[in-house]
Amino acid sequence: MKKLTTLALAAALSVSAGLAQAQELIDKGFVHGWNLMVDPAMGNGCLIQTVYQDLSLVRLGYDATGNRGYFVVFNKAWGDIKQGENYAIRFELDGESFDANATGFKQGKVPGAIVFFKDREFVHAIAQRKVMKIYGQTGQEVMAIDLKGTAKALEYARTCQQEQG
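Definitions and limits used
- Residues numbered from 1 in each chain as written.
- Predicted model: local features only at pLDDT ≥ 70, side-chain atom pairs only at ≥ 80, totals over all residues.
- Heavy atoms only, no water.
- Helix = DSSP H or I, 4+ residues; strand = E, 2+ residues; numbered from the N terminus.
- Expected span 1.5 Å × (residues − 1).
- Buried < 20%, exposed > 50% of the residue type's maximum accessible area, 1.4 Å probe, protein only.
- Arc of directions from axis to C-beta.
- Core = buried A, V, L, I, M, F, W, Y, C linked by side-chain atoms within 4.5 Å.
- Polar contact = N/O pair within 3.5 Å; in protein donor to acceptor, adjacent residues only side chain to side chain.
- Contact = heavy atoms within 4.5 Å.
- Disulfide = S-S within 2.5 Å.

**Student:** Before we move on, can you summarise helix H3 (residues 150–164) with the specific residues and values?
**Tutor:** The first and last C-alpha atoms of H3 sit 20 Å apart over 15 residues, in line with the 21 Å expected at 1.5 Å per residue. Taken together, the buried positions of H3 are occupied by Thr-150, Ala-153, Leu-154, Ala-157, Cys-160 and Gln-161. Each buried residue of H3 lies within a common arc of 110° when the element is viewed along its axis, so the set occupies one face. In H3, the exposed positions angled more than 90 degrees off the buried face are occupied by Gln-162 and Glu-163. In the stretch just after H3, Gly-165 is the one whose phi turns positive, near 110°.

Structural data, given as structure tokens:
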């Protein structure tokens, strides 16, 4: 397994707390099955967002305040995720496995978890794959994400981010 480098817990906690009180996202349109948006809480970082059949909401994007990339997943069914708590998870990209630390938070009443990447380009590596599977702390598969259209949508997010400055 590869070990994915994440930022210090303190930085993740401060950002996740900020997400819980996030400002409205700015809609920039719909591209290749994803909404393109700007998040003022992430220093006007651009992101793509989509909703899956199980009503999980997934975001891939840039945190311009920390010069890093991230993915975040929200799902109302994950009631036991706690704000600010760190969770050791594993995710696979087309079978290649990565260990990461996810930080729990709530967006309104909806629980979620976020993983940050120091290497912003890792977001694009995700997009080049077909499927991302996420596994919880006990090894159970939490979800599988079809990444179809992600690479093209992230091209728009990259352009958006360059335009943000």
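**Student:** I'd love a proper account of the nonpolar core, names of residues and values included.
**Tutor:** Among the nonpolar cores identified, the biggest contains 37 residues, and Phe-71, Phe-91, Ile-126, Met-132, Ile-134 and Ile-145 are the most heavily contacted of them. Core analysis: the second largest hydrophobic core is formed by 10 residues, Met-42, Tyr-70, Val-72 and Phe-105 among them.

**Student:** I'd like a description of the side chain of Ser-56, backed by residues and values.
**Tutor:** In this structure, Ser-56 sits in the loop between strand E4 (45–51) and strand E5 (57–63). A distance of 2.6 Å separates a polar atom in the side chain of Ser-56 from a polar atom in the side chain of Asn-75. Ignoring any residue separated from it by four or fewer positions in sequence, one finds Ser-56 in contact with Thr-50, Val-51, Val-73, Phe-74, Asn-75, Trp-78 and Met-143.

**Student:** With reference to specific residues and values, describe the state of the cysteines.
**Tutor:** Considering all chains together, one arrives at 1 disulfide under this definition. Residue pairing for Cys-46: its cysteine sulfur links by disulfide to Cys-160, the two sulfurs lying 2.0 Å apart. When the S-S torsion is -65°, as for the bridge of Cys-46 with Cys-160, the disulfide is left-handed. Here Cys-160 lies in helix H3 and Cys-46 lies in strand E4, a separation of 114 residues in the sequence.

**Student:** Tell me about the environment of Val-31, residues and numbers included.
**Tutor:** Within the secondary structure, Val-31 is located in strand E2 (residues 26–31). The buried category is assigned to Val-31, whose relative accessible area is 13%. When the C-alpha atoms of Val-31 and Glu-155 are compared, they prove to be 9.8 Å apart, with 124 residues separating the residues in sequence. When residues no more than four places from it in sequence are discounted, the contact partners of Val-31 are Leu-36, Ala-153 and Tyr-156.

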